[in-house]
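This is what each chain is made of:
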Amino acid sequence: MPSPRKSGPKAARKSTIQSSPLGKPSAFDKALHDMRTQPPSAFPNVSPRWLLGAAGLAVITALACAWLVLCLLYWQGHWQLLYHPKTTIARTPAAFNLPFEKINFAATETGKTQLSGWWVPMDQPPLGTPPRFTILFFHGADGNLGDTVNTLAALHAQGFPLFAVDYRGYGESEPLLTHGHLSEKQLRQDAEWSLTWMTLTRHIPPASILIYGSGLGANLAAELAADHSEIAGVILDNPQQDPLAPIFQDSRSRLVPSHWLVSDSYD
C-alpha cells in the first residue's frame, strides 16, 4: 500500500517551491519562499515617530552644516565689506605737473618688492636748508593713490615733500592673489615698512616726519603714531569713529557670529 501523504506546515511550505525546468528549485525561488514563510516577528514594523525623529535629525544636521559653511565663507570674505581696492591707477602727480618718483620697496627674501609708492620732492629748496617736515601719506579703504592726487597736490603746495604709499592689494603694490586678503594686521605691517623706508633708505629723521592719514588711513596713522613717539606728529583727515561699521551693519553679518569672525578692530 502506498504510504499516506504527509500534511502540515512543512509540507505546505515545500509545495510552494516551484521547480526549474531541470527539476530543481532556483536560488531565487528558494529566497522568495524563505521570505514568504518567515514569521511576522522577523519583520518588525518601524514606528512613524521614529521615522519623523530621524528625518528631523537629518534636517537639523544639514542646516548646521550649511550654517558652518556660511560662517567659513563669511570669515574668508568679510574683508570685502570694508576694503575696496582698485588696481588701475587713473592719475599720477604728473596731472598737476608735480615731479615724482615711483618707489618699489619692502622686498622679500627673493628680492621681489611688495609695496609701491610715490616720492614727491618739494620744489627746489634753498641750498643747505632741508625741509622741516616730510609727510608720510596713507589713503583710505577705497581706490588707490590715483584717487588722492588732489590731496597730494594741496599738501605739496604747502611746501611739504611727500611719500605716499599703496597698501598691498591696492594700485601697483603686490596683488591680492599673491597674499590672500586685506586685513588690519597687513595694513599695519605696510605702514611700518613705509616708515622704515623713509628713515633707513631716505635717512629722514623721525623727528621731522608727519604721518598723514585720510579716512581709514587716518585710523591706521593713529595706530602707527601711537607706537612711534619719536615722530614729529600725526594729521588725521576724517578718521572713522566706527571703522568696522560697514561690516557689522551689513545684513549678512546678522546671520553669523560676526564679532567672533572679524579680527580687525582699529582700536
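Remember, predicted model here, so these are calculated numbers, not experimental data.

Caption draft 1: The confidence of the model for the protein chain, seen in detail. This prediction gives the protein chain a mean pLDDT of 87; 85% of its residues lie at or above 70. In this model residues 8–15 is a low-confidence stretch, pLDDT under 50, and it forms 4 contacts with partners more than four residues away in sequence or in other chains.

Caption draft 2: Up close: helix α7 (residues 216–227). With 12 residues, α7 extends 17 Å from end C-alpha to end C-alpha; this agrees with the ideal 16 Å at 1.5 Å per step. With 9 of 12 residues buried, α7 is to be regarded as a mostly interior element. Within α7 the residues assigned to the buried category are Leu216, Gly217, Ala218, Asn219, Leu220, Ala221, Glu223, Leu224 and Ala225. On its buried side, α7 packs onto β4 (134–138), α6 (184–201), β7 (209–214) and β8 (233–237).

Caption draft 3: View of the nonpolar core. Within the largest apolar cluster, 40 residues are counted, with the highest numbers of intra-cluster contacts made by Tyr83, Phe105, Leu136, Phe138 and Phe163. Mapped onto this core, the elements with two or more residues apiece are α3 (48–77), β2 (101–107), β3 (113–120), β4, β6 (162–166), α6, β7 and α7. Sequence-distant contacts of tyrosine 83, that is, excluding residues within four places in its chain, are made with Ala141, Tyr170, Leu182, Ser183, Glu184, Leu187, Leu216, Asp264 and Tyr266. Ranked by size, the runner-up nonpolar core spans 14 residues in total, among them Ile135, Leu152, Leu210 and Tyr212.

Caption draft 4: Highlighting the environment of cysteine 71. When you line up the elements, cysteine 71 lands in helix α3. Exposure remark for cysteine 71: the relative accessible area of 9% places this residue in the buried category.

Caption draft 5: Fine view of the pairing of β3. Most of β3 is tucked away, with 7 of its 8 residues classed as buried. With antiparallel pairing between neighbouring strands as the criterion, β2 and β3 make up a hairpin whose turn holds 5 residues, including glycine 111 at a positive phi of roughly 95°. Sheet topology places β3 next to β6; 5 bridges connect them, and they run antiparallel. By the bridge assignment for β6, tryptophan 119 is matched with phenylalanine 163.

Caption draft 6: Expanded view of the side chain of histidine 139. Along the polypeptide, histidine 139 turns up in the loop between β4 and β5 (142–143). With a relative accessible area of 2%, histidine 139 lands in the buried category. Setting aside its immediate chain neighbours within four residues, histidine 139 contacts Asn144, Leu145, Thr148, Val165, Asp166, Tyr167, Tyr170, Ser214 and Gly217.

Caption draft 7: Structural view of the sheet that holds β7. What the 6 strands build is an open sheet, ordered β2-β3-β6-β4-β7-β8; its pairing is mixed. Looking at the sheet topology across the chains shown, the edges are occupied by β2 and β8. With direction set aside, neighbouring strand axes in the sheet form an average angle of 25°. With respect to the sheet, α6 is in contact with β2, β3, β4, β6 and β7, its orientation differing from that of β4 by roughly 160°. Against the sheet, α7 makes contact with β4, β7 and β8, and its axis sits at roughly 145° relative to β7, the strand it touches most.

The rules we used
Within each chain, residue numbers correspond to sequence positions counted from 1 in written order. Since the coordinates come from a predicted model, pLDDT governs what is reported: local features require at least 70, and pairs of side-chain atoms require 80 or more to be given and counted, while whole-chain, interface and lining totals use all residues. Hydrogens and water are ignored here; the side-chain numbers use all heavy atoms of the structure. Per residue, pLDDT measures the predictor's confidence, with a range of 0 to 100. Any two residues having at least one pair of non-hydrogen atoms within 4.5 Å are treated as being in contact. Numbering of helices and strands runs from the N terminus; a helix is a DSSP stretch of H or I covering at least four residues, while a strand is a stretch of E covering at least two. Expected helix span is taken as 1.5 Å per residue step, with the number of steps being one fewer than the number of residues. Note on classification: 1.4 Å probe, protein chains only; a residue is buried when its accessible area is under 20% of the maximum for its type, exposed when over 50%, partly exposed between these limits. Residues enter a nonpolar core if they are buried and are Ala, Val, Leu, Ile, Met, Phe, Trp, Tyr or Cys, with the set joined through side-chain atoms within 4.5 Å. Only strands that DSSP links by at least two bridges are regarded as paired with each other. The convention used is that axes are lines fitted to C-alpha atoms, helices contributing only their stretch in contact, and that angles between N-to-C directions extend from 0 to 180 degrees.

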